[in-house]
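Structural overview for review
Residues per chain, in single letters:
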Amino acid sequence: MEFATVEEAQQVAMLLRSSTTPYIIIGGGSNLLLTQDFDGIVVRSAIKGRELSSSDEITVGSGENWDETVDYCLAQGLYGAENLSLIPGDVGASAVQNIGAYGVEAKDLIVRVEAVEIDSCRQVVFSGEDCGYGYRDSRFKHEWKNRYLITHVTYRLSTVFEPHLDYGNIRSELEHKGITEPTAKELRDVIIDIRKAKLPDPQVEGNAGSFFMNPIVSREKYEQLAAQFAGMPHYEVDAAHVKIPAGWMIDQCGWKGKSFGHAGVHDKQALVLVNRGGATGREIVALCDAIRCDVRDKFGIDIHPEVNII
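These notes cover the structure that comes with them. Given the structure is predicted, the values throughout are model-derived calculations rather than measurements.

Focus: the overall build of the protein
Within the protein, the secondary structure is distributed over eight helices and 19 strands. For 310 residues, the compact-globule estimate of 2.2 N^0.38 gives 19 Å, and the protein sits close to it at 20 Å. Taken along the three principal axes of its C-alpha coordinates, the protein extends 55 × 50 × 40 Å. Here the protein holds 310 residues, and 47% of them are scored as buried. Considering only contacts in the protein between residues 6 or more positions apart, those separated by 24 or more positions represent 61%. Total accessible area computed for the protein in this model is approximately 14800 Å², and 47% of it derives from carbon and sulfur atoms. Distance between charge centroids for the protein: 4 Å, based on 31 positive and 45 negative side chains.

Focus: the packing of aromatic side chains
Counted by the stated rule, this structure contains 14 aromatic pairs. With a centroid separation of 6.4 Å and an interplanar angle of 85 degrees, the aromatic rings of Phe-229 and Trp-248 are classed as edge-to-face. Here Phe-229, found in the loop between helix H6 (219-228) and strand E14 (235-238), pairs with Trp-248, found in helix H7 (residues 246-252); they are 19 residues apart in sequence, far enough to count as distant. Of the two residues, Phe-229 and Trp-248, neither departs from the other in class, the shared state being buried. When the centroid spacing of 5.7 Å and the interplanar angle of 55 degrees are considered together, the rings of Trp-248 and Phe-299 count as tilted. Placement of Trp-248 in helix H7 and of Phe-299 in helix H8 (residues 281-299) is noted, with a sequence separation of 51 residues between them. Considered together, Trp-248 and Phe-299 belong to a single accessibility category, that of buried residues. Above the ring of Tyr-72, the side-chain terminus of Arg-50 is found at 5.1 Å from the ring centroid. Note that Lys-258 overlies the ring of Trp-255, its terminal NZ or CZ placed 4.6 Å from the centroid.

Overview of the sheet that holds E14
Overall, antiparallel pairing links the three strands, which are arranged E13-E15-E14 in an open sheet. This sheet does not close on itself; its edge strands, each paired only once, are strand E13 (216-218) and E14. Here the average twist between neighbouring strands, direction ignored, is 35 degrees. Examined bridge by bridge, E14 and strand E15 (residues 241-243) share three bridges and lie antiparallel to one another. When the sheet's bridge partners are listed, Glu-236 is paired in E15 with Val-242. Strand contacts of H6: E13, E14 and E15, with the helix running at about 90 degrees to E13, the strand carrying the most contacts.

Details of the packing of helix H2 (residues 66-75) against helix H5 (residues 184-198)
Between H2 and H5, the least distance of the axes is 10 Å, while the angle of their chain directions is 160 degrees. In terms of their interaxial angle, H2 and H5 are classed as roughly antiparallel. H5 is crossed by H2, and the crossing has left-handed handedness. Side by side, H2 and H5 meet where Asp-67, Val-70, Asp-71 and Leu-74 of the first sit next to Ala-184, Lys-185 and Arg-188 of the second.

Focus: the sheet that holds strand E6 (residues 57-61)
Strands sit in the order E5-E6-E11-E9-E10 across an open sheet of five strands; the sheet is antiparallel. Of all the strands in the sheet, the pair left with one neighbour each is strand E5 (50-52) and strand E10 (123-127). Pairs of neighbouring strands in the sheet enclose a mean axial angle of 20 degrees, with direction left out of account. Inspection of the sheet shows strand E9 (residues 110-117) paired to E10 by five bridges, in the antiparallel sense. Pairing of Val-113 across the sheet is with Phe-126, part of E10. Contacting E9, E10 and strand E11 (148-156), helix H1 (residues 6-18) runs over the sheet at an angle of about 145 degrees to E11.

Section: H2
For H2, the set of buried residues is Trp-66, Asp-67, Thr-69, Val-70, Cys-73 and Leu-74. On an axial view of H2, the arc spanned by its buried residues comes to 155 degrees, and they lie on one face. For H2, the elements touching its buried residues are E5, E6, helix H3 (91-97), E11 and H5. The opening residue of H2, the one whose side-chain oxygen lies 3.0 Å from the backbone nitrogen of Asp-67, is Asn-65.

With respect to a nonpolar patch on the surface
On the surface, a nonpolar cluster with roughly 220 Å² of combined accessible area is contributed by Leu-34, Phe-38 and Val-42. Mapped onto the elements, Val-42 comes out in strand E4 (residues 41-45).

What about the pairing of E10?
Side chains of E10 alternate between two faces, with Val-124 and Phe-126 buried and Gln-123, Val-125 and Ser-127 left unburied. The antiparallel pairing of E9 with E10 creates a hairpin that spans five residues between the two strands, and Cys-121 there sits at a positive phi of about 65 degrees.

What counts and how
Residues numbered from 1 in each chain as written. Predicted model: local features only at pLDDT ≥ 70, side-chain atom pairs only at ≥ 80, totals over all residues. Heavy atoms only, no water. Helix = DSSP H or I, 4+ residues; strand = E, 2+ residues; numbered from the N terminus. Rg over C-alpha atoms; globule rule 2.2 N^0.38 Å. Buried < 20%, exposed > 50% of the residue type's maximum accessible area, 1.4 Å probe, protein only. Contact = heavy atoms within 4.5 Å. Areas by Shrake-Rupley, 256 points an atom, 1.4 Å probe, with all protein chains shown as cover. Lys, Arg positive; Asp, Glu negative; His and termini not counted. Charge placed at Lys NZ, Arg CZ, Asp CG, Glu CD. Phe/Tyr/Trp six-rings, centres within 6.5 Å; stacked < 30°, edge-to-face > 60°. Lys NZ or Arg CZ within 6 Å of the ring centre and 35° of its normal. Pairing = 2+ DSSP bridges. Axes fitted to C-alpha atoms, helices over the stretch in contact; angles between N-to-C directions. Parallel < 35°, antiparallel > 145°, perpendicular 65-115°, else oblique. Left-handed = near helix turned anticlockwise from the far one by under 90°. Arc of directions from axis to C-beta. Polar contact = N/O pair within 3.5 Å; in protein donor to acceptor, adjacent residues only side chain to side chain. Patch = residues over 30% accessible without salt bridge, like charges linked within 9 Å, V, L, I, M, F, W, Y side chains within 5 Å. Salt bridge = Lys/Arg side-chain N within 4 Å of Asp/Glu carboxyl O.

So this is what it looks like as structure tokens:
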């Protein structure tokens with residue numbers, strides 16, 4: 001069931017609140033893992049359109065493609081989303097998942113989320129602060145889950161390009177191309193190249209991109225592990241917390257490139273679980289559980305799936 005306008009979203013809300021049939025609200029489905037058939041109503045936004053609401057703000061329909069929106073913003077001279085290039089999915093999902101990559105998160109850009117409340121069928125507007133954003137997290141994933149149909153998201157970008165280059169291997173890739181002061185387009189192109197080199201094409205080999213979230217641990221825990229594992233990569237979060245790449249830990253546990261039945265771990269990025277052909281959702285979950293167990297045993301850290309498992 002799709003809705004292409006706010007009015008249609010209100011009609012869908014009316015149907016959902018009066019029905020006893022279970023329902024699920026999805027975006028593009030790229031971050032969804034089904035372990036069984038869903039016997040209910042599947043709801044998705046088909047609202048299109050992008051409107052410049054001020055010199056540095058753009059309001060986008062929740063059914064628009066995210067990466068195409070990043071490209072559109074660059075063409076309009078609006079900057080800040082370049083590091084989020086090639087992330088799959090719809091605009092509405094960016095407000096639910098707080099998508100992020102290479103040191104930038106959607107919450108850094110979102111100023112307003114418009115939605116239809118299912119219980120009342122009325123239009124509501126939330127500020128970015130209202131949404132309670134955290135690392136790959138928001139109130140839409142918890143107390144607000146299945147309560148709202150997101151219709152539009154407004155982002156505040158910048159008319160001045162200020163590149164974020166100090167995450168991952170962005171600088172080294174730019175240097176490899178002989179670029180010292182990238183344009184926004186060059187930065188976007190490098191981000192796309194990096195992602196394509198690390199992540200398999202889901203049309204060729206089934207995957208949901210990064211399967212696990214990078215854990216954030218106390219500085220005390222990080223220092224304990226750093227003393228034990230020389231050269232352990234990390235990213236500063238704040239004075240008391242450090243982020244450790246889950247992919248590195250999974251690799252250290254020997255999982256990179258390994259198969260587990262019909263499922264497996266990508267040979268170029270251990271954060272990505274792949275369908276080798278014919279794997280069921282339950283097989284992917286079994287692989288996920290085995291990896292989590294090994295990481296917990298080796299590092300004393302519990303890593304959590306970023307993928308929504310149903």
